[in-house]
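An overview of the molecular structure
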Amino acid sequence: MTLRLGVGSVTDVGRARDHNEDAFFVDTTAGLLAVADGMGGHQGGEVASATALEALRAAIAEGASVPDAVRRANQAVHDQAAADDQLRGMGTTLTAATFGDDATLEIAHVGDSRAYLMRDGVLARITTDHSLVQELVDAGELTEEEARSDPRRSMITRALGMDAEVEVDAYPVGLRRGDRVLLCSDGLTSMVDDDGIAVLLASEADPTEAARALVTAANDAGGLDNVTVIVIDVIDDDETTSAVDPVVDDDPTVAVAPVAPVAPVGPPEARAAASSPTPPRTRGRLARTARRLVPLVAVLALLVGGSFWYARRGYFVGEYEGRVAIFDGRPGGFLFFDPALEADFVGLPVNELPPRVRASVREGETFSSIEAANDRKDELAALIEQRSGDTGSSSGTSTTTTTTTNGTGAGAGGSPA
Ligand code: MN
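Model, not experiment: these values are computed from the prediction.

Quick notes on the overall build of the protein
A tally of helices and strands in the protein yields twelve helices and 15 strands. In the protein, which comprises 417 residues, the share counted as buried stands at 52%. Sequence separation of at least 24 residues holds for 69% of the intrachain contacts in the protein that already meet a minimum separation of 6. Counting every atom, the protein has about 17500 Å² of accessible surface; 52% of that belongs to carbon and sulfur.

Put into structure tokens, the structure is as follows:
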């Protein structure tokens with residue numbers, strides 16, 4: 001029996017953003033697949049995800065293990081952010097998988113993109129999100145369902161580029177014929193729950209069609225973020241009655257033999273223990289628990305100390321290149337999270353606001369929802385309109401940017417140059 005991979009991949013800007021900061025990499029010949037979700041103002045998000053994937057690819061080509069390759073990708077993003085003022089604070093998630101000769105998938109992971117395994121019709125998460133809401137779910141403060149719609153859902157507690165060193169989670173998965181692995185950005189998982197993902201994965205035999213169906217579902221649910229999906233099918237070449245469609249010509253595949261021992265679906269440590277050809281996780285449960293407790297304690301202290309302030313974070317109206325802008329996050333960022341620019345408004349120069357309002361916007365005004373932030377933006381637009389009318393010195397810059405719909409940033413002046 002010879003196993004190979006059939007792969008379908010799709011990335012999409014979604015319905016709300018005006019550019020795509022996600023990136024992915026698929027090379028079945030090298031056996032490397034990865035999803036990265038960048039963040040940071042200016043072009044930072046796109047640069048971070050692209051830089052990480054290129055460094056990952058190069059490291060794997062030089063023979064690095066996938067966790068080491070992710071560490072090298074971290075270094076590359078960090079170095080570039082330090083070298084360029086415009087890119088300072090940029091970061092990216094990275095969830096990468098290598099398909100080895102022993103038919104194991106070695107997954108390395110940082111951030112809140114995810115890897116899932118669907119086996120015998122049952123979907124299981126392989127990775128654990130490094131996010132604030134995941135910490136709160138683990139602490140029993142939020143349900144999974146609440147976490148998906150929480151305004152703090154994009155705050156991640158670990159990302160590439162934030163520090164010279166990064167801790168990388170590793171998950172070896174022994175593959176079986178018929179397994180389907182999913183790598184995706186949070187643009188999918190914040191829009192579609194695990195049950196919805198499972199139904200779509202089970203209903204589309206072709207991996208490309210399955211990837212398309214997942215992206216469509218995320219967009220139909222609102223498409224609030226960029227969405228990236230890689231569907232990886234484990235195909236047995238010798239199987240005569242394959243339920244899986246043949247891989248199309250432009251999808252290169254990789255052959256492997258022999259078949260690795262089967263790993264049970266379960267928590268990562270169970271899978272690691274069962275996957276004998278790959279080295280076991282080097283850290284014990286106690287150490288992992290201790291490490292998890294540190295950010296958790298910090299989070300709980302913040303919750304106790306400033307729950308009112310805390311609950312109101314989500315979006316803020318601030319200044320971006322002299323204009324009124326809406327950011328996802330809070331002024332100054334949280335943990336390793338930096339606010340992401342949602343929309344900037346060409347027609348709304350901050351220095352045309354009344355002085356007191358100007359100072360407030362420069363400091364950043366926080367809102368619990370994008371709708372509330374958009375309402376504030378509309379008020380600011382009216383103030384500027386009013387002021388230019390009063391002085392009779394309309395600059396001609398008042399434009400239709402105030403008529404955004406749904407808080408999507410439609411009408412924004414495009415991404416900054
Ligand atoms: Mn995202």
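Focus: the coordination of the manganese ion
Around a metal, the idealised angle for a tetrahedral arrangement of four donor atoms is 109.5 degrees; for an octahedral arrangement of six donor atoms it is 90 or 180 degrees. All of the protein donors around the manganese ion are Asp37 (OD), Asp186 (OD) and Asp225 (OD); their distances to the metal are 2.1 to 2.2 Å. Read from N- to C-terminus, the donor residues coordinating the manganese ion fall into the pattern D-x148-D-x38-D. Taken together, the residues Asp37 in strand E3 (residues 32–39) and Asp225 in the loop between helix H7 (207–220) and strand E11 (227–236) connect sequence positions 188 residues apart. In this pair, the class of Asp37 matches that of Asp225, namely buried.

A look at the nonpolar core
With 28 residues, the main nonpolar core has Ala34, Leu53, Leu56, Val70, Leu94 and Leu160 as its most contacted residues. Take this core: its biggest share by element is seven residues, from helix H1 (residues 44–61). Residues in contact with Leu53, not counting those within four places in the same chain, are Ala23, Phe24, Phe25, Ala34, Ala36 and Leu94. With 21 residues, the next largest nonpolar core counts Leu105, Ala115, Leu175 and Val234 among its residues.

Focus: the packing of helix H6 (residues 194–203) against H7
Packing of H6 against H7 brings their axes to within 9 Å, and their N-to-C directions diverge by 150°. Viewed along their axes, H6 and H7 adopt a mutual orientation that is roughly antiparallel. Like other packed secondary-structure pairs, H6 and H7 cross with a definite hand, here right-handed. Contacts between H6 and H7 involve Ile197, Leu200 and Leu201 from the first element and Ala210, Ala213, Leu214 and Ala217 from the second. Grouping the amino acids of the contact of H6 with H7 by side-chain chemistry returns seven nonpolar, no polar and no charged.

Comments concerning the pattern of salt bridges
Between side chains of opposite charge, a pair can form when the charged atoms approach closely. Evaluation of the coordinates by the stated rule reveals 21 salt bridges. Measuring nitrogen to oxygen at the nearest pair gives 2.7 Å for the salt bridge that ties Arg114 to Asp129. Here the residue Arg114 occupies a position in strand E7 (residues 114–119), and Asp129 occupies one in the loop between strand E8 (122–125) and helix H3 (132–138), the gap between them amounting to 15 residues. The pair formed by Arg114 and Asp129 is uniform in burial state, with each residue classed as buried. One network of salt bridges, in which partners are shared, links Arg114, Arg125, Asp129, Glu144 and Asp194.

What about the sheet that holds E11?
Ordered in space as E1-E11-E10-E7-E8, the five strands form an open sheet in which the pairing is antiparallel. Each end of this open sheet is capped by a strand with a single partner; those strands are strand E1 (3–12) and E8. Averaged over neighbouring strand pairs, the angle between their axes works out to 20° when direction is ignored. Relative to E7, H6 is tilted by about 55°, and along the sheet it contacts E7, E8, strand E10 (180–184) and E11.

Structural notes on H1
Side chains that are three or four residues apart share a direction in an α-helix, a result of its 3.6 residues per turn. Over its 18 residues, H1 extends 26 Å from the first C-alpha to the last, a length consistent with the 26 Å expected when each residue adds 1.5 Å. Every buried residue belonging to H1 is among Gly44, Gly45, Ala48, Ser49, Thr51, Ala52, Leu53, Ala55, Leu56, Ala59 and Ile60, and all of these are buried. On the buried face of H1, the contacting elements are strand E2 (22–27), E3, helix H2 (66–83), strand E4 (91–92) and strand E5 (94–99). One or two residues past the end of H1 sits Gly63, with phi positive at roughly 95°.

Notes on unusual backbone geometry
Even without a glycine there, the phi angle at Ala103 is positive, about 60°. Checked against the element boundaries, Ala103 lands in the loop between E5 and strand E6 (104–110). Relative accessible area serves as the criterion here: at 0%, Ala103 is assigned to the buried category. Phi is positive for Asp120, close to 50°, though the residue is something other than glycine. Mapped onto the secondary structure, Asp120 falls in the loop between E7 and E8. When its relative accessible area of 67% is taken as the criterion, Asp120 is described as exposed.

A look at the pairing of E5
Of all six residues making up E5, six are buried, and the element is well covered by its neighbours. Burial of the side chains of E5 extends over both faces: Leu94, Ala96 and Thr98 are buried on one face and Thr95, Ala97 and Phe99 on the other. Bridge count between E3 and E5: four bridges; the pairing is antiparallel. If you follow Ala34 over to E5, its bridge partner there is Ala96. Direction of pairing for E5 relative to E6: antiparallel, over a ladder of six bridges. In the strand pairing of E6, Thr95 is matched with His109.

Cut-offs applied
Residues numbered from 1 in each chain as written. Predicted model: local features only at pLDDT ≥ 70, side-chain atom pairs only at ≥ 80, totals over all residues. Heavy atoms only, no water. Helix = DSSP H or I, 4+ residues; strand = E, 2+ residues; numbered from the N terminus. Buried < 20%, exposed > 50% of the residue type's maximum accessible area, 1.4 Å probe, protein only. Contact = heavy atoms within 4.5 Å. Areas by Shrake-Rupley, 256 points an atom, 1.4 Å probe, with all protein chains shown as cover. Donors = N, O, S within 2.8 Å, 3.2 Å for Na, K, Ca; no water. Core = buried A, V, L, I, M, F, W, Y, C linked by side-chain atoms within 4.5 Å. Axes fitted to C-alpha atoms, helices over the stretch in contact; angles between N-to-C directions. Parallel < 35°, antiparallel > 145°, perpendicular 65-115°, else oblique. Left-handed = near helix turned anticlockwise from the far one by under 90°. Nonpolar A, V, L, I, M, F, W, Y, C, P; charged D, E, K, R; others polar. Salt bridge = Lys/Arg side-chain N within 4 Å of Asp/Glu carboxyl O. Pairing = 2+ DSSP bridges. Expected span 1.5 Å × (residues − 1).

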